[in-house]
Amino acid sequence: MSDVLPSTPAAEAVVRIEGLWSVFGKGSEAFAVHQDLSLTVNRGEMLALVGGSGTGKTVLLRQMLGLLHPARGSVTVLGRPADEMGGEGAASRVGMLFQHGALYSAFNVLDNIAFALKELGTLPADLVRDAAMVKLQMVGLKPEHATRMPADLSGGMIKRVALARALIMDPPLLLLDEPTAGLDPNGADEFCALVRELHAALGVTMVMVTHDLDTLFALASRVAVLADKKVIVSASPQEVVNFDHPFVQQFFQGERGRRAMAPPNAVKER
């Protein structure tokens, strides 16, 4: 098992990272978070990025968004250099769900969801509102929630509004940073179920950073493990669990990992 994937046609590779070096600082103080990292994200899959603190999981998302530029190597998203992601129309190509929602506190729910469409300035206000209402209900919220302010929302509702905003332009790629962070177990389960439903309905490719094993096993079709400044393994969750590396063994075979992988009945009987 290795981080080398079967060859995939270029049209099916939504994200292609080759020989990536992510370097911070200058001169003698420069240090590399990633060295010669390569990874391919295939169309329609749900890829989870895991790794210890400081392995550059969120840095890798920022590279995909074009917010950081490689010191070496290349990052291609939807067949175009990631550097172009910050340009006009970027929200129609990549959606981003931030860890804590990052809603605009001065906007109500509907205005938060509609933000990217409003910024285009090319659509009638009524059409923008209707599109935002569709996404509002798509994430399980009710029309009466549209006028609420972020300060009046629960943590789970904030996640749903942020997800609706990320999907407002129907992007083919969605990035999620710790999607269930801050949610109680029941809320996390409900949010995972929502994400699975939307993935099946929309066919969107998803890349998520998570340290939560329950979320990982609930959502990921493939797991890429960051360690030693690169992707050390990229495979199905079941295959990654058995990969021989100290971090993998600690992360997946510890008490939390065994509990997350245990059949539901086994957990209840303990």
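No experiment lies behind these values; they were computed from the predicted model shown.

Caption draft 1: Seen up close, the packing of aromatic side chains. Under the defined criterion, the tally for this structure stands at seven aromatic pairs. Seen in terms of ring centroids, tyrosine 104 and phenylalanine 115 are 4.7 Å apart; in terms of plane orientation they differ by 40°. Their pairing is tilted. Remark: phenylalanine 115 occurs in helix H2 (residues 109–120) and tyrosine 104 occurs in the loop between strand S6 (94–97) and H2; sequence separation between them is eleven residues. Grouping aromatic residues by their ring pairs yields a cluster made of Phe217, Phe247, Phe251 and Phe252. Residue placement shows arginine 72 over the ring face of tryptophan 21; its charged tip is 4.1 Å from the ring centre.

Caption draft 2: Structural view of the nonpolar core. Core analysis: the biggest nonpolar cluster contains 57 residues, and Ile113, Leu163, Leu174, Val223, Val225, Val240 and Phe252 have the highest contact counts within it. Listed in part, the 26 residues of the second largest apolar core include Val14, Leu39, Met64 and Val77.

Caption draft 3: Here's a closer look at the packing of H2 against helix H3 (residues 125–138). As a packed pair, H2 and H3 sit with axes 9 Å apart at the nearest point and diverge in direction by 120°. Taken together, the axes of H2 and H3 are oblique relative to one another. In this structure, H2 meets H3 at a crossing whose hand is right-handed. Where H2 abuts H3, its residues Val109, Leu110, Ile113, Ala114, Leu117 and Lys118 lie against Val128, Arg129, Ala131, Ala132, Met133, Lys135 and Leu136. Class assignment for the residues of the contact of H2 with H3 results in ten nonpolar, no polar and three charged.

Caption draft 4: Region of the structure containing helix H1 (residues 57–64). Of all eight residues that make up H1, six are buried, and the element is covered over most of its length. Three or more residues of H1 are buried, namely Lys57, Val59, Leu60, Leu61, Gln63 and Met64. The first or second residue beyond H1 is glycine 66, which carries a positive phi of 80°.

Caption draft 5: Local environment of the pattern of salt bridges. Overall, the coordinates contain four salt bridges when judged by the stated rule. Where arginine 43 meets glutamate 12, a salt bridge forms, and the shortest distance between an N and an O atom there is 3.9 Å. Here glutamate 12 lies in the segment before strand S1 (13–24) and arginine 43 lies in the loop between strand S2 (31–42) and strand S3 (46–51), a separation of 31 residues in the sequence. A relative accessible area of 42% means that arginine 43 is categorised as partly exposed. A relative accessible area of 36% means that glutamate 12 is categorised as partly exposed. For aspartate 111, the salt bridge identified is with lysine 118, shortest N-O distance 2.7 Å. Residue aspartate 111 is classed as partly exposed on the basis of its relative accessible area of 26%.

Caption draft 6: Examining the packing of helix H4 (residues 155–166) against helix H5 (residues 185–202) more closely. Direction vectors running N to C along H4 and H5 enclose 15°, while the axes themselves pass 11 Å from each other. With respect to H5, the axis of H4 lies roughly parallel. Remark: the crossing between H4 and H5 carries right-handed chirality. Here Lys159, Arg160 and Leu163 of H4 lie close against H5, whose contacting residues are Glu190, Phe191, Leu194, Val195 and Leu198. Broken down by class, the residue content of the contact of H4 with H5 amounts to five nonpolar, no polar and three charged.

Caption draft 7: Main features of the sheet that holds strand S4 (residues 72–77). Ordered by their spatial adjacency, four strands build an open sheet running S2-S1-S4-S5, and the pairing between neighbours is antiparallel. At either margin of the open sheet sits one strand with a lone partner, and together these are S2 and strand S5 (80–81). Alignment of S1 against S4, held across five bridges, turns out to be antiparallel. Within the sheet, the bridge partner assigned to glutamate 18 lies in S4 and is serine 74. In the packing of H1 onto the sheet, contacts are made with S1, S2 and S4, and the angle to S1 comes to roughly 120°.

Caption draft 8: Spatial organisation of the confidence of the model for the protein. Looking at the protein, the pLDDT average stands at 89 and 87% of residues meet or exceed 70. Confidence drops under pLDDT 50 across residues 1–11; counting only partners more than four residues distant or on other chains, this segment forms 21 contacts.

Caption draft 9: Spatial organisation of a nonpolar patch on the surface. The grouping of Leu120, Leu123 and Leu127 at the surface amounts to a nonpolar patch, some 240 Å² of accessible area in total. Locating leucine 127 in the fold gives a position in helix H3.

Caption draft 10: Region of interest: H5. The end-to-end C-alpha distance of H5, which contains 18 residues, comes to 26 Å, matching closely the 26 Å that a straight helix rising 1.5 Å per residue would cover. Gly187, Ala188, Phe191, Cys192, Leu194, Val195, Leu198 and His199 are the residues of H5 that are buried. Down the axis, H5 shows its buried residues gathered within 160° of arc, on one side only. In H5, the exposed residues that point more than 90 degrees away from the buried face are Pro185, Asn186, Asp189, Glu197, Ala200 and Ala201. In this fold, the buried residues of H5 make contact with S3, S6, H3, H4, strand S8 (205–209) and helix H6 (213–219). Two to three positions downstream of the cap, the backbone nitrogen of asparagine 186 sits 3.1 Å from a side-chain oxygen, assigning the N-cap of H5 to aspartate 184. Two residues or fewer after H5 comes glycine 203, characterised by a positive phi angle close to 70°.

Rules behind the numbers
- Residues numbered from 1 in each chain as written.
- Predicted model: local features only at pLDDT ≥ 70, side-chain atom pairs only at ≥ 80, totals over all residues.
- Heavy atoms only, no water.
- Phe/Tyr/Trp six-rings, centres within 6.5 Å; stacked < 30°, edge-to-face > 60°.
- Helix = DSSP H or I, 4+ residues; strand = E, 2+ residues; numbered from the N terminus.
- Lys NZ or Arg CZ within 6 Å of the ring centre and 35° of its normal.
- Core = buried A, V, L, I, M, F, W, Y, C linked by side-chain atoms within 4.5 Å.
- Buried < 20%, exposed > 50% of the residue type's maximum accessible area, 1.4 Å probe, protein only.
- Axes fitted to C-alpha atoms, helices over the stretch in contact; angles between N-to-C directions.
- Parallel < 35°, antiparallel > 145°, perpendicular 65-115°, else oblique.
- Left-handed = near helix turned anticlockwise from the far one by under 90°.
- Contact = heavy atoms within 4.5 Å.
- Nonpolar A, V, L, I, M, F, W, Y, C, P; charged D, E, K, R; others polar.
- Salt bridge = Lys/Arg side-chain N within 4 Å of Asp/Glu carboxyl O.
- Pairing = 2+ DSSP bridges.
- pLDDT = per-residue confidence, 0-100.
- Patch = residues over 30% accessible without salt bridge, like charges linked within 9 Å, V, L, I, M, F, W, Y side chains within 5 Å.
- Areas by Shrake-Rupley, 256 points an atom, 1.4 Å probe, with all protein chains shown as cover.
- Expected span 1.5 Å × (residues − 1).
- Arc of directions from axis to C-beta.
- Polar contact = N/O pair within 3.5 Å; in protein donor to acceptor, adjacent residues only side chain to side chain.

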